[in-house]
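Residues per chain, in single letters:
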Amino acid sequence: MKFMTLTFDNKTHEESTYAVVKYLIALFAVSLSVITAISVGFPSIAFASPAESPYNGINWYDKALSINQNNVPALVQKGTDLVSQGDAEQAITWLDKALNIDSSNLMALVSKGAALRELGQYQQAILQYDKVLTIDPSDVYAIGGKADSLYGSGQTQQAIVLIDKALELNPSDGKIQQVKESLQQTIN
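Residues numbered from 1 in each chain as written. Predicted model: local features only at pLDDT ≥ 70, side-chain atom pairs only at ≥ 80, totals over all residues. Heavy atoms only, no water.

Moving on to the overall build of the protein. Helix and strand counts for the protein come out as 9 helices and 2 strands. The order of helices and strands in the protein, counted from the N terminus, is β-β-α-α-α-α-α-α-α-α-α. Burial status across the protein gives 41% buried among its 188 residues. In the protein, the share of contacts with a sequence separation of at least 24, taken over all contacts with a separation of at least 6, comes to 48%. Accessible surface for the protein amounts to roughly 10,200 Å². Of this, 52% is attributable to carbon and sulfur atoms. (Helix = DSSP H or I, 4+ residues; strand = E, 2+ residues; numbered from the N terminus. Buried < 20%, exposed > 50% of the residue type's maximum accessible area, 1.4 Å probe, protein only. Contact = heavy atoms within 4.5 Å. Areas by Shrake-Rupley, 256 points an atom, 1.4 Å probe, with all protein chains shown as cover.)

Our focus in this paragraph is the packing of helix α2 (residues 58–67) against helix α3 (residues 72–84). Two elements in contact, α2 and α3, have axes whose closest approach is 9 Å; the angle formed by their N-to-C orientations is 160 degrees. In terms of their interaxial angle, α2 and α3 are classed as roughly antiparallel. Crossing of α2 against α3: the hand is left-handed. Across the interface between the two elements, Ile58, Tyr61, Asp62, Ala64 and Leu65 from α2 touch Ala74, Leu75, Gln77, Lys78, Asp81 and Leu82 from α3. Tallied by class, residues from the contact of α2 with α3 come to 7 nonpolar, 1 polar and 3 charged. (Axes fitted to C-alpha atoms, helices over the stretch in contact; angles between N-to-C directions. Parallel < 35°, antiparallel > 145°, perpendicular 65-115°, else oblique. Left-handed = near helix turned anticlockwise from the far one by under 90°. Nonpolar A, V, L, I, M, F, W, Y, C, P; charged D, E, K, R; others polar.)

All told, the structure shown has 0 aromatic pairs when counted by the stated rule. Here the basic side chain of lysine 78 rests over the ring of tryptophan 94, its NZ or CZ set 3.7 Å away from the ring centre. Of note, lysine 97 hangs over the ring of tryptophan 94, and the distance from its end group to the ring centre comes to 4.1 Å. (Phe/Tyr/Trp six-rings, centres within 6.5 Å; stacked < 30°, edge-to-face > 60°. Lys NZ or Arg CZ within 6 Å of the ring centre and 35° of its normal.)

Looking now at helix α6 (residues 122–135). With 14 residues, α6 extends 20 Å from end C-alpha to end C-alpha; this agrees with the ideal 20 Å at 1.5 Å per step. Of all the residues in α6, the buried ones are Ala125, Ile126, Gln128, Tyr129, Val132 and Leu133. The buried residues of α6 occupy an angular sector of 160 degrees when the element is viewed end-on, so they sit on one face. Turned more than 90 degrees away from the buried face of α6, the exposed residues are Leu127 and Thr134. (Expected span 1.5 Å × (residues − 1). Arc of directions from axis to C-beta.)

Val76, Val83, Tyr129 and Ala142 are the most contacted members of the largest nonpolar core, which has 41 residues in total. Within the residue set of this core, elements represented by two or more residues are α2, α3, α4 (88–101), α5 (106–118), α6, α7 (140–152), α8 (156–169) and α9 (174–187). With residues up to four places along the chain from it excluded, the contact list for valine 83 reads Ala91, Leu95, Ser111, Ala114, Ala115 and Glu118. (Core = buried A, V, L, I, M, F, W, Y, C linked by side-chain atoms within 4.5 Å.)

Glancing now at the side chain of aspartate 139. By secondary structure assignment, the location of aspartate 139 is in the loop between α6 and α7. Of the side chains with opposite charge, lysine 165 lies nearest to the buried aspartate 139, which makes no salt bridge, at 10 Å. At 3.0 Å, the side chain of aspartate 139 forms a polar contact with the backbone nitrogen of tyrosine 141. Within the local environment of aspartate 139, its side chain forms a polar contact with the backbone nitrogen of alanine 142, the two atoms lying 2.9 Å apart. Leave out the neighbours within four places in its chain, and aspartate 139 touches Leu106, Val110, Val132 and Leu133. (Lys, Arg positive; Asp, Glu negative; His and termini not counted. Salt bridge = Lys/Arg side-chain N within 4 Å of Asp/Glu carboxyl O. Polar contact = N/O pair within 3.5 Å; in protein donor to acceptor, adjacent residues only side chain to side chain.)

Among the residues of α2, Ile58, Trp60, Tyr61, Ala64 and Leu65 are the ones counted as buried. Mapping the buried residues of α2 onto a view down its axis gives an arc of 155 degrees, with all of them on the same face. Structural note: α2 exposes Ser66 and Ile67 on the side pointing more than 90 degrees away from its buried face.

If you want it as structure tokens, here you go:
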């Protein structure tokens, strides 16, 4: 793991680069929302998995939210990290706060769908993914999440149809092909 040394408040701190980068991005998002009053979403793939770091990035979002409680990127990323950490109920609380401010935030909708899916609330998850697909019909995360939710609710054939759509969008993705093969084996 990479570490970097920071000096602030006349104190030197050694932090993992993962946590520091997340904090800096959260602060940048605060400055954007204060200066230009626009919302910016974080792509979840921009960060390593929170499990890879002994530092809790959630604390960094809390600091950003203490500056601006309506910081949509910090709300969304906090919710997304909570989903990744297995705390779906808490994640929904933060994602709902973000969606109350920006109801069309794709990352918040996808992450809320993932949280609902984790809780076994497949039909509610499908509704979240459908909202995303109304805005962006080619969102691979929403297509995959909806397919997984359909499968979880026993709708295997509909899940395969969505996996086929994902393969049309990204035919060279071996993981999507593996998922399709696994689904087909369950119905054979």
